[in-house]
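So you can see what is in the structure, the chains are spelled out below.
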Amino acid sequence: MKQPILECRNISFSYHSLKCETKALNHISFQVHQGEFIAIVGPSGCGKSTLLSIIAGLLKPEEGEIVLDHANDMRIGYMLQQDHLLEWRSIWKNVLLGPEITKTLSPEKEALAERLLKDYGLYRFKDKKPGELSGGMKQRAALIRTMVMEPALLLLDEPFSALDYQTRLMVSADIGSIIRKSGITAVLITHDLAEAISLADRILVMTKRPATIKEEIPVHLTVAENSPLAARSAPEFNNLFTFLWKEISDEYSGENS
Amino acid sequence: MNIPEKTVDHTRSSDTSKPGTQEQYVRKHHQYHHMITSLRLLIFVIFLIIWEVAGRLELIDTFFFSSPSMVISYFFEMLEDGSFFTHTGITLLETLISFILITLIAMVTATLLWYSKTLSEILEPYLVVLNSLPKSALAPLFIVWLGTGTRTIIVAGISVAIFGSIISLYTGFKSTDPEKLKLIYTLGGNRLNAFFKVVLPASIPTVLSNMKVNIGLALVGVIIGEFLAARRGLGYLIIYGSQVFRLNMVITSIIILCIIAMGLYQGIQYMEHLYKKKK
C-alpha cells in the first residue's frame, strides 16, 4: 500500500469557555491517498469544519497529529463555504491573491492563472469585479484562486452550500470534474448526502458531538460517464443514499431521546 | 449581487413595452427635485427678507441682531482691509492641520488596537472615558501647558475628535467578516496581510464617513480654541466682536463659518464620490 498523502492520527479537539468545555472531536483517525476524493458527512454542528481547520493547520489539535506526505513542501488548498472574492478587486487580482500574499508572484504563476481562467471559461471576465459575475462563476473563480497555489491536497468546506439548488447542482458537477481532471486529492465536507455520493470515492460518516468516525463507505457507482450528474442516476445511488440517511438520522434520534 | 441586476432588467423591459411610462417617470423625478430645491431656496430668501424688513421697521434692534444688508457691507469691509483673508485663512489652516492629524493618529491607533486584542482590551476603558469627556473642559489646560497660539488651537481641534474617531475606526476594522480573514490565513497569509488585503480596503467607506464627522468636529475644536487662546481667526472675531458689541462682526463671522463648514464637508463628500465612482 502506498503511503497516504494525509493521515489523521487520533485527533481530539475541544472548545473552551469559562462555563464549560465542549468536546468537538474525539479520537478521529483516517487516511487519504493520492488522487482520492473523500467526502465527510455528519449531523450539523458535529465539528466537520473544525476537523478541516485542523487539517489545514489553522487550529492545533489537542491530541493526536496530522501527518502529511513529504510534509515540508506539501501545499494545502482550502475552499470556504462562500467564494469570499474581494469585491474591490478584479477577478484577475482575486485569483492572484495567494501568490501576492506569499510573495510568490511570478510570470509562471500569472501564466498558470491565465491558463486556469481560460480552461474554466472565466478569462474574458478577468477584468470584471466579482459583483458582475453569477454565483456559479464566482465559486469557480474561488476554486481557481485556490488552484493557483498548486495545492497537493484540496479541502472543501461545504463550498456549494451558499448557492441555490440549481446552481449548486451545476457548480458541484463543474467543480467536481475540474478536481477529477487535475488529479488533486480532495477532502469535501458536506451535509448534502447526494453531493457526497456523486462526488466522492469514499464517504466518512461522523457521529454527533463529540464526533468520531462512525462508518467508512467506499463508493463504487456503475455509470457510463464519470460525472457527478450521471452518478445520480447510477443504480447504486439510491441504496447508498438510504443507507447514509439512516446512519445520520440515527444520530439525530439519539439526540432527541 | 443579483437583486440590483434584476431591478435594472425590470426597468428595461417596461421601458420597451411602454415607451411613455419611463419618460413620465423621469419627468416626475426631475420635477420633484426641482420643487425641493426651490423650496429650500425659498425658505432662505424669506428668512433674509423678514430679517431685513424687521430691521428696517425697527421691530428688532439692528444693533443686536444686525441685518442682511449690514452683514454684506461689513463683509465687503473685511475684504477691503484684508482681515477676511487673515482670519478665515488661519481658521481654515488650523482646521485642516487638526483634521489631517486626527485622521493619521486615529488610523494608526485603530490599526494597533485591531492588531493586538490585548492592547485594545487594556485601553478600552480609557478611550471610553476620554471620549465621553466634554473636550472643551480641557482647553484651559492646553493654554496653561502650551500657551496661547496656533499650537494650542490645533491640539484643541484634535482633542475634540480623536477619541471618537479611534473608537469608530476600530469598531469598523473589527466588523470585517471573519471568514474573509480566514481566507487570507488559508492562503498562507498572516495578520498583517489580513489587515492590508482585507480589513483596510473593506473599511474605506467607514474611514470616509469617519472623516466627514472629523472635519466638522475639528472645526468645533478650533473655534473653541480660538475663543480662548487666539489673536486671529474667526473664533477670535466672534468672541472679540461680542465683547465690544460689534454684532455685525460676530454674525458675519458666523456666516463665514457656515460656508467653511459646508465647503469642507462637501470636499470630503466629493472624495467619497470619487471613490465610489472608481469602484
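Computed from a predicted structure; not experimentally measured. (Residues numbered from 1 in each chain as written. Chains lettered and ligands numbered in written order. Predicted model: local features only at pLDDT ≥ 70, side-chain atom pairs only at ≥ 80, totals over all residues.)

Engineer: Describe the overall build of chain A, and please don't skip the residues or the numbers.
Structural biologist: The helix and strand tally for chain A stands at nine helices and nine strands. The C-alpha radius of gyration of chain A comes to 19 Å, within 12% of the 18 Å expected for a compact globule of 257 residues. Projected onto its principal axes, the C-alpha coordinates of chain A cover approximately 55 × 45 × 40 Å. Considering chain A as a whole, with its 257 residues, one finds that 40% of them fall into the buried category. Put simply, of all contacts in chain A between residues at least 6 apart along the chain, 73% involve residues at least 24 apart. (Helix = DSSP H or I, 4+ residues; strand = E, 2+ residues; numbered from the N terminus. Rg over C-alpha atoms; globule rule 2.2 N^0.38 Å. Buried ≥ 20, exposed ≤ 12 C-beta atoms within 10 Å, placed from the backbone. Contact = placed C-beta atoms within 7 Å.)

Engineer: How would you summarise helix H5 (residues 135-147) of chain A if you had to cite specific residues and measurements?
Structural biologist: Residue and element names in this part refer to chain A. With 13 residues, H5 should reach 18 Å at 1.5 Å per residue; the first-to-last C-alpha distance of 18 Å fits that figure. Burial runs high along H5: 12 of the 13 residues are buried. Of the positions making up H5, those classed as buried are Gly136, Met137, Lys138, Gln139, Arg140, Ala141, Ala142, Leu143, Ile144, Arg145, Thr146 and Met147. (Expected span 1.5 Å × (residues − 1).)

Engineer: Could you give me a rundown of the environment of Asp157 of chain A, with the residues and numbers involved?
Structural biologist: Residues and elements named next belong to chain A. Summarising the element assignment, Asp157 is placed in strand E6 (residues 153-157). Given 23 C-beta atoms within a 10 Å radius, Asp157 is considered buried. With 50 residues separating them along the chain, Asp157 and Pro107 place their C-alpha atoms 30 Å apart. The contact partners of Asp157, leaving out residues within four places of it in the chain, are Ser49, Leu52, Met79, Leu80, Gln81 and Ile189.

Engineer: Kindly report on the interface of chain A and chain B, identifying the contributing residues and their values.
Structural biologist: Every contact between the two is made by 14 residues of chain A and, on the other side, 16 residues of chain B. Element by element, the count of residues in the side of chain A that touches chain B is highest for helix H3 (residues 97-101) of chain A, at three residues. Across the side of chain A that touches chain B, the residue classes tally to nine nonpolar, five polar and no charged. (Nonpolar A, V, L, I, M, F, W, Y, C, P; charged D, E, K, R; others polar.)

Engineer: Could you give me a rundown of helix H10 (residues 191-202) of chain B, with the residues and numbers involved?
Structural biologist: Burial in H10 of chain B covers these residues: Ala194, Phe195, Lys197, Val198 and Val199 of chain B. Looking at the buried side of H10 of chain B, the elements it contacts are H3 of chain A together with helix H5 (83-115), helix H8 (150-174) and helix H9 (178-186) of chain B.

Engineer: So what's going on with the packing of helix H4 (residues 68-81) of chain B against helix H13 (residues 247-278) of chain B? Residues and values would help.
Structural biologist: Describing two packed helices takes the angle between their axes plus the distance from one axis to the other. Residue and element names in this part refer to chain B. Where H4 contacts H13, the two axes come as close as 9 Å, and the packing angle between them is 80 degrees. The angle between the axes of H4 and H13 places the two elements in the roughly perpendicular class. Here Met70, Val71, Tyr74, Phe75 and Met78 of H4 lie close against H13, whose contacting residues are Asn248, Met249, Ile251, Thr252 and Ile255. Considered class by class, the residues forming the contact of H4 with H13 number eight nonpolar, two polar and no charged. (Axes fitted to C-alpha atoms, helices over the stretch in contact; angles between N-to-C directions. Parallel < 35°, antiparallel > 145°, perpendicular 65-115°, else oblique.)

Engineer: I'd like a description of the sheet that holds strand E2 (residues 21-32) of chain A, backed by residues and values.
Structural biologist: Working definition: the strands of a sheet are paired by backbone hydrogen bonds and lie parallel or antiparallel to each other. All names here are of chain A. Strand order in this open sheet of three strands is E2-E1-E4, and the pairing throughout is antiparallel. The sheet is open, and its two borders are formed by E2 and strand E4 (63-68), each paired with just one other strand. Between one strand and the next, the sheet's axes are offset by a mean angle of 25 degrees, whatever the strand orientation. Looking at chain direction, strand E1 (residues 6-16) and E4 are connected through five bridges and run antiparallel. (Pairing = 2+ DSSP bridges.)

Engineer: Please set out the confidence of the model for chain A residue by residue, giving values where relevant.
Structural biologist: Of the residues in chain A, 95% have a pLDDT of 70 or more, and the chain-wide mean is 86. When pLDDT is averaged over each element of chain A, helix H2 (residues 91-95) of chain A comes out on top at 94 and helix H8 (residues 228-231) of chain A at the bottom at 76. (pLDDT = per-residue confidence, 0-100.)

Engineer: Please set out the nonpolar core residue by residue, giving values where relevant.
Structural biologist: One broad trend across soluble globular proteins is that nonpolar side chains are buried collectively. In this structure, Ile144 and Leu155 of chain A are the most contacted members of the largest nonpolar core, which totals 120 residues. Here this core takes 14 residues from H8 of chain B, the largest share from any one element. Apart from residues lying up to four places away in sequence, Leu155 of chain A is in contact with Leu52, Ile55, Ala56, Ile76, Gly77, Tyr78, Met79 and Val187 of chain A. (Core = buried A, V, L, I, M, F, W, Y, C linked by C-beta atoms within 7 Å.)

Engineer: Tell me about the confidence of the model for chain B, and please be specific about residues and values.
Structural biologist: All names here are of chain B. Averaged over every residue, the pLDDT of chain B is 90; residues scoring 70 or more account for 93%. The low-confidence segment residues 1-17, where pLDDT is below 50, has four contacts with residues more than four positions distant or belonging to other chains. Scored as a complex, the prediction yields pTM 0.83 and ipTM 0.87.

Engineer: Give a description of the pairing of E1 of chain A that names residues and reports values.
Structural biologist: Bridge analysis of E1 of chain A against E2 of chain A gives eight bridges, and the strand direction is antiparallel. Bridge pairing links Phe13 of chain A to Leu25 of chain A in E2 of chain A.

Engineer: I'd like a description of the sheet that holds strand E7 (residues 185-189) of chain A, backed by residues and values.
Structural biologist: Residue and element names in this part refer to chain A. On the basis of which strands lie adjacent, the open sheet formed by six strands has the order E5-E6-E7-E3-E8-E9 and mixed pairing. Each of the sheet's edge strands pairs with one partner strand only, and the pair in question is strand E5 (76-79) and strand E9 (213-218). Here the strands of the sheet are splayed against their neighbours by 15 degrees on average, with no regard to which way each runs. Here E6 pairs with E7 via five bridges, running parallel. From the neighbouring strand, Leu155 faces E7, where its bridge partner is Val187. Lying on the sheet, H5 is in contact with E5 and E6; it crosses E5 at an angle near 165 degrees.

Engineer: Let's hear about the pairing of strand E3 (residues 37-41) of chain A: which residues, and what values?
Structural biologist: Residues and elements named next belong to chain A. With five of five residues buried, E3 lies mostly within the body of the structure. Residues of E3 alternate between two faces, with Phe37, Ala39 and Val41 on one and Ile38 and Ile40 on the opposite face, all of them buried. As defined by bridge partners, E3 adjoins E7 across four bridges and the pair is classed as parallel. Each residue of the ladder has a partner; that of Ala39, found in E7, is Leu188. Pairing of E3 with strand E8 (residues 202-206), which is carried by four bridges, proceeds in the parallel orientation. Following the sheet pairing, Ala39 is matched in E8 by Ile203.

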